[in-house]
Amino acid sequence: MKNITYSKEHARFLRRRKKNLALIWTLRIGVLGLLLGLWELVTACGWVDPFIMSSPSRIAKTIASLYADGSLFYHIGVTLWETLAGFAIAVVLGFGIALLLWWSDTLRKVLEPYIVVLNALPKIALGPLIIIWFGTGSEAIVFMTVLVGIIVAIIHMLSAFIETDPNKILLMKSMGASKPQILWKLVIPSSYPAVISMLKVNVGMAWIGSIMGEYIVSRAGLGYLIVYGGQVFKLDLVMSATFILCLLAAGMYALVVLLEKILVKNTDR
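This section reports on the structure supplied with the text. Predicted model only: the values in this text are computed from it and were never measured. (Residues numbered from 1 in each chain as written. Predicted model: local features only at pLDDT ≥ 70, side-chain atom pairs only at ≥ 80, totals over all residues. Heavy atoms only, no water.)

Here we come to the overall build of the protein chain. For the protein chain, the helix and strand inventory stands at 12 helices and 0 strands. Along its sequence from the N terminus, the protein chain presents helices and strands in the succession α-α-α-α-α-α-α-α-α-α-α-α. Computed over its C-alpha atoms, the radius of gyration of the protein chain comes to 24 Å, more than 25% above the 18 Å expected for a compact globule of 269 residues. Put simply, of all contacts in the protein chain between residues at least 6 apart along the chain, 71% involve residues at least 24 apart. Here the protein chain displays about 16,800 Å² of accessible surface, and carbon together with sulfur accounts for 70% of that area. (Helix = DSSP H or I, 4+ residues; strand = E, 2+ residues; numbered from the N terminus. Rg over C-alpha atoms; globule rule 2.2 N^0.38 Å. Contact = heavy atoms within 4.5 Å. Areas by Shrake-Rupley, 256 points an atom, 1.4 Å probe, with all protein chains shown as cover.)

Running from amino to carboxyl end, helix H4 (residues 72-103) crosses helix H9 (residues 179-190) at an angle of 125 degrees, the nearest separation of the two axes being 12 Å. Taken together, the axis directions place H4 and H9 in an arrangement best described as oblique. Where H4 crosses over H9, the handedness of that crossing is right-handed. Of H9, the residues touching H4 (which contributes Phe95, Leu99, Trp102 and Trp103) are Lys179, Pro180, Leu183, Val187 and Ile188. In the contact of H4 with H9, the residues fall into 8 nonpolar, no polar and 1 charged. (Axes fitted to C-alpha atoms, helices over the stretch in contact; angles between N-to-C directions. Parallel < 35°, antiparallel > 145°, perpendicular 65-115°, else oblique. Left-handed = near helix turned anticlockwise from the far one by under 90°. Nonpolar A, V, L, I, M, F, W, Y, C, P; charged D, E, K, R; others polar.)

For the structure shown, the criterion picks out 3 salt bridges. Between Arg108 and Asp105 there is a salt bridge, with its nearest N and O atoms 2.9 Å apart. Of this pair, Arg108 and Asp105 both sit in helix H5 (residues 105-120), 3 residues apart, which is roughly one turn of that helix. (Salt bridge = Lys/Arg side-chain N within 4 Å of Asp/Glu carboxyl O.)

In this section: the packing of aromatic side chains. The description of two aromatic rings rests on the distance between their centres and on the angle between their planes. For the structure on display, the rule yields 6 aromatic pairs. Centroid distance Trp133 to Phe143: 6.4 Å. Interplanar angle 85 degrees. Geometry classified as edge-to-face. A residue pair is termed long-range when its members are at least 10 positions apart, and Trp133 in helix H6 (residues 127-134) and Phe143 in helix H7 (residues 138-162) qualify at 10 residues. Given the relative accessible area of 26%, Phe143 is considered partly exposed. Ring geometry for Tyr224 and Tyr228: centres 6.2 Å apart, planes at 15 degrees, overall stacked. Of this pair, Tyr224 and Tyr228 are both found in helix H11 (residues 222-231), 4 residues apart, which corresponds to roughly one turn of the helix. When its relative accessible area of 28% is taken as the criterion, Tyr224 is described as partly exposed. A residue is classified by how much of its surface remains accessible, and Tyr228, at 33% relative accessible area, is partly exposed. (Phe/Tyr/Trp six-rings, centres within 6.5 Å; stacked < 30°, edge-to-face > 60°. Buried < 20%, exposed > 50% of the residue type's maximum accessible area, 1.4 Å probe, protein only.)

Glancing now at the side chain of Arg108. You can call Arg108 buried: its relative accessible area is 15%. When residues no more than four places from it in sequence are discounted, the contact partners of Arg108 are Leu101, Trp102, Leu158 and Ile162.

We now examine the packing of H4 against helix H10 (residues 192-216). At a minimum axis distance of 9 Å, the contact between H4 and H10 shows a crossing angle of 135 degrees. Classified by the angle between their axes, H4 and H10 sit oblique to one another. The two elements H4 and H10 meet at a crossing, and its hand is right-handed. Contacts from Val78, Thr79, Leu80, Glu82, Thr83, Phe87, Val91 and Phe95 in H4 reach Val195, Met198, Leu199, Asn202, Val203, Ala206, Trp207, Ser210, Ile211 and Glu214 in H10.

For the rest of this paragraph, the subject is H11. Since the α-helix packs 3.6 residues into each turn, any two residues three or four apart lie on the same face. Turning to H11, its buried residues are Leu222, Gly223, Leu225, Ile226 and Gly229. Seen along its axis, H11 keeps its buried residues to an arc of 160 degrees; they face one direction. With its phi angle positive at about 60 degrees, Phe233 sits one or two positions after the end of H11. (Arc of directions from axis to C-beta.)

Okay, unusual backbone geometry next. In this structure, Ser54 takes a positive phi of about 60 degrees despite not being glycine. With respect to the helices and strands, the residue Ser54 is situated in the loop between helix H2 (50-53) and helix H3 (56-68). The backbone phi angle of Phe233 is positive, close to 60 degrees, even though this residue is not glycine. As for its position among the elements, Phe233 is in the loop between H11 and helix H12 (235-268). Using a relative accessible area of 55% as the deciding quantity, one classes Phe233 as exposed.

Printed below as a string of C-alpha cells:
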C-alpha cells in the first residue's frame, strides 16, 4: 500500500465528508427506529387494531416462529433464487438485445414500437398463458420476472448506446476504427453509468416480477406466504414476509451500489 499525503484543505474536506456520511446514517437509523417505535406504540395503546396493522413485536415473533419450524430460510431461498435468476436473465438478454438494436438501425426502427407496447402491457394479464406455457413451478415465476425486467433493461441500455457522443464516434471512424471497435472501445465503456442505473431499476423490477409470479402460481416463497396469510387472515404473516422482502431488496440494491463503486474505482485508474 502506498502512503498518500493530502493537503490540509483536502484532509479537512475528507473529514467533513466522513462526518456528513456518519450524520446521514445516524439520521437514517434514527428515522427507522422512530417509525418502528411509533408503530409499536399506537398498536400497544390500542389506537390501531394490531390485528389489522400488526406491530414490530408481533412481526418479530412471527419470524421467530417461521425460523423455529424450519420454513423461514426455505421460503426465502425459493424467492431469492427466482428473483436472482430472473434478474440475471433479464439483464443479460436486455443488454444483448439493446446491442443488436444499436447495431442495426433498420432492426431498431422495426422493433421499437413493439418494445414500447410490451413495456406498457400489464404483465399480470399474461398470467394464465404463462401457467399454460411453463406450468406451476418456479419456471413460470422466473419467466414472469424476466418479462417484467427485460424491457426496462433494453430501453435503458439502448438509450445509453444511442446517446454515445457522436463526435467521438466520428473521430474513431476517421482513424479507421471498425464498428466492432467503436462498440467495444467507446460505446460500451461510455454506457457504464447507464448499466448501473439499469441494474438499480431492475433490482426493484425483479422483486416485483417474482412476487407477482408467486401471487399467480406458487407453492413456496415469500409471495406465497403473503397470499396464504391474506387468505387465512394471518396479517402478522403478511407483514413479516413483506418486512423480509424489504430487507432482501435493500441487500440486493446495496450489492449494486458496491459494484458501482468498484467500476468507478477501476475507471478512475
